[in-house]
Amino acid sequence: MTMTNVSPFTQEDNAILDRILESRRSVRLFAPDVPSKEHILKIIRAGLLAPYAAQAVSGQDFRQFFVFQKGSPKLAELAALAKRHVKRMAEQLYKELAANPSLKEKGTGFVKRLEQLEETGVPGIGTAPYFIVVAERRGIPPAEQQSLAHCLENMWLKATALGLGFQLVSVTAQMGQDSEFCSVLGIPHGEFGTNGCAIGYPVERLPPVERPDASAVTKWID
Ligand SMILES: Cc1cc2nc3c(=O)[nH]c(=O)nc-3n(C[C@H](O)[C@H](O)[C@H](O)COP(=O)(O)O)c2cc1C
């Protein structure tokens, strides 16, 4: 066996990693307690460690983080903007479904969900102690949403390891196309893709994830 075949990590390290992976859950109810800025910076550091599309973008400023705290005027501005945004999304989708009846069955449920969010607000924007937007520079070819997914998964796992709850707020991806949203962040419109998450302490600890057995969903192809 060569040295490169020997893992630098122990079985114990792996057991801890597995425990964190299995404990990662979508948390949608947050306690009012505010996690420390130190914890938030550790989560952001984990996000920075995630891969990025180095062939598509150049420079070190490929990824930026924007932290909004519950109760801040700018977060209230974003929450209102998100409501207007889901309203526009619902109207547009409604028109598309009317023009293409074959999509109607699949899309109607989603239109209804958007209309509901227009009333209640978007969960995660103002419902947790922190709402964090991540912006990733759009390159050629565009791969910013894939990079953001890696970044957010790293942040999610680190939040889990710190005992914090995490919720993806995927409407942040569509909001990235909105010039008003970009101006709140202070980024040039059209140059970045965005996505976001809410972070805080969970009201209750959720059970570990349940997924099928790996062998049940794997084909070994010769
Ligand atoms: C692309 C993507 C978008 C998602 N968007 C949201 C979202 O906007 N809000 C939310 O609460 N959960 C969102 N989720 C979380 C999923 O609903 C969740 O991962 C799934 O129900 C499994 O639950 P678990 O995360 O607890 O394992 C999203 C997940 C993915 C992969």
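Our structure's up above, just so we're on the same page.
Caption draft 1: Empty space enclosed by the protein, seen in detail. Under the counting rule described, the total for this entry stands at 1 cavity of 30 Å³ or more. The computed volume of the largest cavity comes to approximately 30 Å³. In terms of lining residues, the largest cavity is bounded by A53, A56, V57, E136, R137, G139, P141, A143, E144 and S147. For the lining of the largest cavity, the secondary structure elements donating two or more residues are β2 (130–137) and α5 (144–161). Residues of the lining of the largest cavity, tallied by class, amount to 5 nonpolar, 2 polar and 3 charged.

Caption draft 2: Main features of the site of the ligand. With respect to spatial proximity, the complete set of residues near the ligand consists of R24, R25, S26, R28, W156, Q167, L168, V169, S170, V209 and R211. Between an oxygen atom of the ligand and a side-chain N or O atom of R25, the distance comes to 2.7 Å. With the chains in place, 54% of the 620 Å² that the ligand exposes on its own is no longer accessible. Residue composition of the shell around the ligand, by class: 4 nonpolar, 3 polar and 4 charged.

Caption draft 3: Structural view of the state of the cysteines. Summed over all chains, the structure comprises 0 disulfides. C197 supplies the cysteine sulfur nearest to C151, a cysteine that is in no disulfide, at a spacing of 8.3 Å. The closest cysteine sulfur to the non-disulfide-bonded C182 is located on C151, 17 Å from its own sulfur.

Caption draft 4: Geometry of the pairing of β2. Most of β2 is tucked away: 7 of the 8 residues are buried. When strand β1 (residues 63–69) meets β2, the two strands line up antiparallel, connected through 7 bridges. Within β2, the residue paired with F68 across the bridge is F131. Bridging between β2 and strand β4 (residues 192–200) involves 8 bridges; their strand directions are antiparallel. Bridge assignment links Y130 to a residue of β4, and that residue is I199.

The rules behind these values
Residues numbered from 1 in each chain as written. Predicted model: local features only at pLDDT ≥ 70, side-chain atom pairs only at ≥ 80, totals over all residues. Heavy atoms only, no water. 1 Å grid on protein atoms, 1.4 Å probe; cavity = no way out; pocket = protein on both sides within 12 Å on 5 of 7 lines; lining within 4 Å. Points joined across faces, edges and corners; volume = space filled by probe spheres on them. Helix = DSSP H or I, 4+ residues; strand = E, 2+ residues; numbered from the N terminus. Nonpolar A, V, L, I, M, F, W, Y, C, P; charged D, E, K, R; others polar. Near = heavy atom within 4 Å. Polar contact = N/O pair within 3.5 Å; in protein donor to acceptor, adjacent residues only side chain to side chain. Areas by Shrake-Rupley, 256 points an atom, 1.4 Å probe, with all protein chains shown as cover. Disulfide = S-S within 2.5 Å. Buried < 20%, exposed > 50% of the residue type's maximum accessible area, 1.4 Å probe, protein only. Pairing = 2+ DSSP bridges.

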